Amino acid sequence: MFRNKSEKYILELFKDTNYTIKNYSKNDIIAMEGDTCTSIGLILDGSVDIKRMLGTKIIHVSSFSKGNIFGEVIAFSDTNLYPATVISSSQSKIMFINKINFIHFCTSHEDFLEMFLNDLTNKIFVLNKSITNLTFSSIRQKICNFLISEYRLQKTKNIKLNMTKEKLAESLGITRPSLSRELINMKEVGLINYSRTHINILDLEEIENILIE
């Protein structure tokens, strides 16, 4: 929501609202899965990762950078418990606003409320993509589903990776070595080509067919 806004602008916007600011180092845990969530977090600087810890398996749910809000869905839910762990992925500074104060702010700032609802809707779409990915059984199907989604979003077969391959693997619910092996296999059979920052779709029709196997 505030990706292009300075910290000074954000603090001025919320000057009449009660809030707290906390600083975190890289890999600090901001909230554990199961913790109660009563505040909305706004990232003033740095970035955070949302991860689910399933035994020895780690699933990367999403990442948020400077200017993004997190915890808003959870704070206003009936259970208001974090369903995943929030980790600072760099040095970060986060503003926390109690949900009651946040409601008061929204009711007196209609422009902000409209932006907030738009941002919330976009996050729901991202969550739906993650849920859809869980329905696929094979690693190749998971990768193909990701490629098709990004192809429709970016409107090009040369998909730019907006995350590291490690985070991509976590978001697909697979290991980094498994992702690498399958990308090599898909390249060898002519489905894709790839570099550190891009995956180029070579056979879109076959990739779409893999999803319905």
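Look up: the structure comes first, before these words.
Described below are features of the structure shown in this document. If you're wondering where the values come from, they're calculated on a predicted model, not measured in any experiment. (Residues numbered from 1 in each chain as written. Predicted model: local features only at pLDDT ≥ 70, side-chain atom pairs only at ≥ 80, totals over all residues. Heavy atoms only, no water.)

A few words now on the sheet that holds strand β4 (residues 47–54). Ordered by their spatial adjacency, four strands build an open sheet running β2-β7-β4-β5, and the pairing between neighbours is antiparallel. Looking along the sheet, the strands with just one partner apiece sit at the ends: β2 (29–31) and β5 (57–65). Strand-to-strand twist across the sheet, computed as the mean angle between neighbouring axes with direction ignored, equals 35°. Summarising the sheet, β4 and strand β7 (residues 85–88) pair through four bridges and their orientation is antiparallel. Paired with D49 across the strands is I87, a residue of β7. Along the sheet face, helix α6 (residues 165–172) touches β4 and β5 and points at about 115° away from the line of β5. (Pairing = 2+ DSSP bridges. Helix = DSSP H or I, 4+ residues; strand = E, 2+ residues; numbered from the N terminus. Axes fitted to C-alpha atoms, helices over the stretch in contact; angles between N-to-C directions. Contact = heavy atoms within 4.5 Å.)

All told, the structure shown has six salt bridges when counted by the stated rule. Ionic pairing is found between K15 and E12, a salt bridge with its closest N-O pair at 2.9 Å. The class of E12 is partly exposed, set by a relative accessible area of 47%. When the shortest N-O distance is used, the salt bridge between E33 and R52 registers 2.6 Å. With a gap of 19 residues between them, E33 in the loop between β2 and β3 (39–45) and R52 in strand β4 connect regions that are remote in the sequence. For R52, a relative accessible area of 32% gives the class partly exposed. (Salt bridge = Lys/Arg side-chain N within 4 Å of Asp/Glu carboxyl O. Buried < 20%, exposed > 50% of the residue type's maximum accessible area, 1.4 Å probe, protein only.)

Soluble globular proteins tend to pack their nonpolar side chains together in the buried interior. If you look at the biggest cluster of nonpolar residues, it comprises 31 residues, and the most contacted ones within it are F14, I30, L42, V48, F70, V86 and F112. Residue assignment for this core shows that the elements contributing at least two residues are β2, β3, β4, β6 (69–70), α2 (72–75), β8 (92–98), α3 (99–108) and α4 (110–133). When sequence neighbours within four positions are dropped, the list of residues in contact with I30 reads Y24, V48, F70, V86, I87, S88, I94 and F96. Ranked by size, the runner-up nonpolar core spans 23 residues in total, among them I143, F146, L168 and I201. (Core = buried A, V, L, I, M, F, W, Y, C linked by side-chain atoms within 4.5 Å.)

Counted according to the given criterion, the structure contains 10 aromatic pairs. With a centroid separation of 5.7 Å and 75° between ring planes, the pair formed by F102 and F112 is classed as edge-to-face. Residue F102 is located in helix α3, and its partner F112 is located in helix α4; the two are separated by 10 residues in the primary sequence. Accessibility expressed as a relative area gives 2% for F102, which makes it buried. Feature note: the residues F2, F14, F76, F102, F105, F112 and F116 constitute an aromatic cluster, connected by ring pairs. Just above the ring of Y9 sits the side chain of K5; from NZ or CZ to the centre is 4.8 Å. Sitting over the face of the ring of F96, K22 holds its NZ or CZ atom 5.7 Å from the ring centroid. (Phe/Tyr/Trp six-rings, centres within 6.5 Å; stacked < 30°, edge-to-face > 60°. Lys NZ or Arg CZ within 6 Å of the ring centre and 35° of its normal.)

Shape descriptors only; they carry no functional weight alone.
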